[in-house]
Protein chains: 2
Amino acid sequence: MLALVLEEGGIRLRQVDIPQPALGEALVKVRLAGVCRTDLELAKGYMGYRGILGHEFVGEVMEDYPSQRKEGQNLVGKRVVGEINCGCGQCELCRSGKQRHCPLRTVLGLKDRNGALAEYLTLPLENLHLVPDLVDDRAAVFTEPLAAALEIAVQMHLRPDTRALVIGDGKLGLLAARVLQILGCDLLALGSHQSKMAILRSWGIPAIPYREYQPDARDLVVDASGSPASFEIAMAALKPQGTLILKSTYQGTLTLDVAPLVINEITVVGSRCGPFAPALRLLAQNLVDTESLISAVYPASEMETAFAHAAQGEALKILVNFES
Amino acid sequence: MLALVLEEGGIRLRQVDIPQPALGEALVKVRLAGVCRTDLELAKGYMGYRGILGHEFVGEVMEDYPSQRKEGQNLVGKRVVGEINCGCGQCELCRSGKQRHCPLRTVLGLKDRNGALAEYLTLPLENLHLVPDLVDDRAAVFTEPLAAALEIAVQMHLRPDTRALVIGDGKLGLLAARVLQILGCDLLALGSHQSKMAILRSWGIPAIPYREYQPDARDLVVDASGSPASFEIAMAALKPQGTLILKSTYQGTLTLDVAPLVINEITVVGSRCGPFAPALRLLAQNLVDTESLISAVYPASEMETAFAHAAQGEALKILVNFES
C-alpha cells in the first residue's frame with residue numbers, strides 16, 4: 001500500500017505492506033486523511049517519531065480480530081473515525097479511563113504506531129467511533145481536531161459570559177474559536193492571515209491582527225498559535241484569576257515571570273486530545289463549517305506534495321483522498 | 001510610634017507619626033506582628049515597595065472613622081486580624097468580590113500602604129475580622145499565612161484521595177502541608193532543614209530531603225520553596241492532568257518545557273492570599289500547631305534584629321511583640 005513515511009532523511013512516499021490487526025484491533029481502509037500542524041512538527045524532529053505519519057482520518061473497517069460476531073457490535077463495513085491514543089489497558093491510568101495518558105501508550109502516527117497517511121491502518125476496536133450518516137467524509141475527517149478543541153470545555157467551566165481570546169488563526173485556532181462561539185463565550189480572535197481571519201468573520205467571530213490587540217481583561221485565553229511569542233500577549237490579556245489554555249504541540253520552552261503569575265493567580269493549562277462523541281454530535285448537527293477549512297485535496301500518490309502544501313503559511317487543512 | 005521602614009538604603013527602625021484612619025478605616029494598635037519571607041524579598045527589591053513593612057498582625061481597634069454607632073458592629077476595643085488587600089470598591093473586580101485583585105488596590109506593607117511592623121496601622125473596617133477568644137495572639141498572628149495556605153483548597157477540589165507533594169519546609173510550606181493533611185490528602189513533604197522536617201514529622205506528615213525524593217505520580221504539587229529550582233522536581237512528580245500550585249512570591253522566571261506540559265495536560269496555578277474566616281475557624285479549633293512555628297519573639301525596639309533573624313535559614317516565624 002502507499003504510505004507517507006517519516007524516516008531519518010525526511011518524509012518519503014513508500015510502498016509498504018498492509019498491516020495486520022493485532023488482538024482486539026481492526027484493520028481500517030482509509031478513505032480521507034488530514035495533515036495536521038503536529039505532523040509538520042514531527043517532520044522537524046518533534047518527539048523523535050519514525051514511521052507512517054497522520055492521525056486524522058475517516059475510513060471503513062475491513063476486518064476485526066477476533067471477529068465480533070454479536071449482532072450490532074460488528075463494525076466491519078462501517079465508516080469510522082478513531083481516537084489516536086492506545087493505552088496498555090493494565091495501568092492505573094488506563095483503569096481509570098485515562099488511556100490517552102497511559103505511559104506505555106502508542107499513538108497513531110505519533111508514537112510507536114503507524115499513522116493514517118496510508119491506505120490502511122490498524123487501531124483497537126475500542127478506539128473507533130461510528131460516523132453518523134449525516135456526517136460526510138470531508139466533515140468526519142475533522143473529528144480529531146474538533147475533539148481537541150472541545151477538550152477546552154472538558155478542562156474548564158465555560159460560562160456564557162466567559163470573555164475569551166483565541167490566539168492563532170490556524171486550523172486548531174479556528175476550530176477552537178468556533179467551539180467557544182457555540183458554547184456562548186464573548187469571543188475575540190487574533191490572527192496573522194487575512195484569508196483565515198476572513199473565515200472567522202464569516203462565522204460571526206471578530207478577528208483582528210495581533211498588532212491591533214489591546215489587552216482587555218479576558219477570563220480565558222486559548223493559545224493555538226504554535227509559537228512561544230504568544231505567551232506574553234496571553235499574560236497581558238488575562239484578568240486576575242484568568243486561565244491560559246496551551247493548545248499547541250511544539251518543541252520549545254516558555255519563560256514565565258513568576259511574580260505576576262502568582263500575584264494575579266493565573267492558571268496555565270496544557271491541553272491535548274479531546275472527546276470524539278461530542279465532536280461527532282456537533283458535526284452531525286452541522287454546527288461546524290469544516291468545508292471552509294479545506295484548502296486542497298490530493299490523491300494518495302501526491303502525498304509528498306500535499307505535505308509541502310500544508311507547510312505553507314496560507315494553507316488551512318490539506319486532505320489526502322485514498323478513494324480517488 | 002516605632003516602625004520598621006523600608007527605605008532606599010534598606011530597612012531602618014524609625015520614629016514616625018501615628019497614622020490617621022481615612023474614611024471607612026480603623027486605627028489598629030498592633031499587639032503582635034510576624035515577619036514573612038515576602039518581607040525579606042521586599043527588602044531585596046521585590047515589587048519596589050517603600051514604606052513600613054509587615055502584613056501579618058493581630059491588634060486592637062482603637063478608633064473607627066466615622067464611628068460605627070450601631071450596637072454589635074462597633075469594633076472599638078476588639079481584637080482583630082486584617083485582610084491585607086484594599087480595593088478601590090468601584091471597579092468590576094471589587095464589585096464582584098475580588099477586591100484583592102483590584103488593579104488600584106493598596107496592600108498592607110506591600111503596595112502603597114504602610115504595614116504592620118509598627119505600633120499602629122490603619123485598614124478599612126471591612127478588612128477586619130474579630131478574633132475568637134479561643135485564639136490567643138500567638139496563634140491569631142498566623143491567620144494571614146494560614147489563609148494563604150487555605151487558598152489551595154479554594155482554587156482546586158482537594159479530595160480525600162488526592163496524592164499531594166509539598167515542596168519547601170518554610171513557614172508557608174509547613175502551613176500548606178498541615179492544611180492538606182487536615183483536608184485528608186495523601187501527603188509527602190520535601191524539605192532541606194532537619195529541624196523543620198522534624199516539625200512536619202511531629203505532626204504525622206512524612207518529610208524527606210529533596211535529594212531522596214523519587215517521582216511517584218502525584219495529583220498535586222504545592223511549590224512553597226521560594227525557588228525556581230523546585231519547578232523541575234514538581235514537573236517530574238506530577239501524574240498526567242496533575243496540578244502544580246505556585247505559592248512563592250519572588251522576583252524571577254521559570255522556564256517551562258512546553259511539550260510535556262501540553263502532552264500531559266498539566267495545570268499550573270498561581271496562588272496568593274486566601275480566606276480569613278476558615279483560617280480563624282481552624283485556629284479556634286486548635287487544629288494548627290502554630291506554637292511550633294515560632295522561632296523567636298522580639299520587642300518592637302529590636303525589630304531590625306528580628307528582621308535579620310528571620311533571614312537565617314533555620315528560622316521559622318519571627319514575631320514582634322508591641323505590648324512588651
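Residues numbered from 1 in each chain as written. Chains lettered and ligands numbered in written order. Predicted model: local features only at pLDDT ≥ 70, side-chain atom pairs only at ≥ 80, totals over all residues. Heavy atoms only, no water.

Participant: Explain the state of the cysteines to me, please; I cannot follow it from the model alone.
Facilitator: Residues and elements named next belong to chain A. A full pass over the atoms with the stated rule returns 0 disulfides over all chains. Its sulfur unpaired, C102 is 3.7 Å from the next cysteine sulfur, which belongs to C88. Exposure remark for C102: the relative accessible area of 0% places this residue in the buried category. (Disulfide = S-S within 2.5 Å. Buried < 20%, exposed > 50% of the residue type's maximum accessible area, 1.4 Å probe, protein only.)

Participant: Sorry, what's going on with the pattern of salt bridges here?
Facilitator: Close approach of charged atoms allows side chains with opposite charge to pair. Here the structure, examined in full by the defined rule, presents 36 salt bridges over all chains. Here E7(B) ties to R14(B) by a salt bridge, and the two come within 2.6 Å at their closest N and O atoms. Judged by relative accessible area, R14(B) falls into the partly exposed class, the value being 36%. Salt-bridge contacts for K317(B) lead to E56(B); the nearest nitrogen and oxygen are separated by 2.7 Å. With K317(B) in strand β19 (residues 317-321) and E56(B) in strand β5 (residues 56-65), this pair connects stretches of sequence that are 261 residues apart. Judged by relative accessible area, K317(B) falls into the buried class, the value being 2%. The class of E56(B) is buried, set by a relative accessible area of 1%. Linked by salt bridges that have partners in common, R31(A), E60(A), R79(A) and D137(A) make up one network. (Salt bridge = Lys/Arg side-chain N within 4 Å of Asp/Glu carboxyl O. Helix = DSSP H or I, 4+ residues; strand = E, 2+ residues; numbered from the N terminus.)

Participant: In this structure, what is going on with the pairing of β5(B)? I would like to understand it.
Facilitator: Residues in a regular strand project their side chains so that they alternate between the two faces of the sheet. Examined bridge by bridge, strand β3 (residues 25-35) of chain B and β5(B) share 9 bridges and lie antiparallel to one another. Each bridged residue has a counterpart across the sheet, and for E25(B) the counterpart in β5(B) is Y65(B). (Pairing = 2+ DSSP bridges.)

Participant: Could you clarify how one ought to interpret the pairing of strand β14 (residues 218-223) of chain A in this entry?
Facilitator: Residue and element names in this part refer to chain A. Within β14, 5 of the 6 residues are buried, which leaves it mostly tucked inside the rest of the structure. Across 4 bridges, strand β11 (residues 163-167) lies against β14 in parallel orientation. When the sheet's bridge partners are listed, A164 is paired in β14 with L220. The pairing of β14 with strand β15 (residues 238-246) spans 5 bridges and is parallel. The residue of β15 that forms the bridge with V222 is I245.

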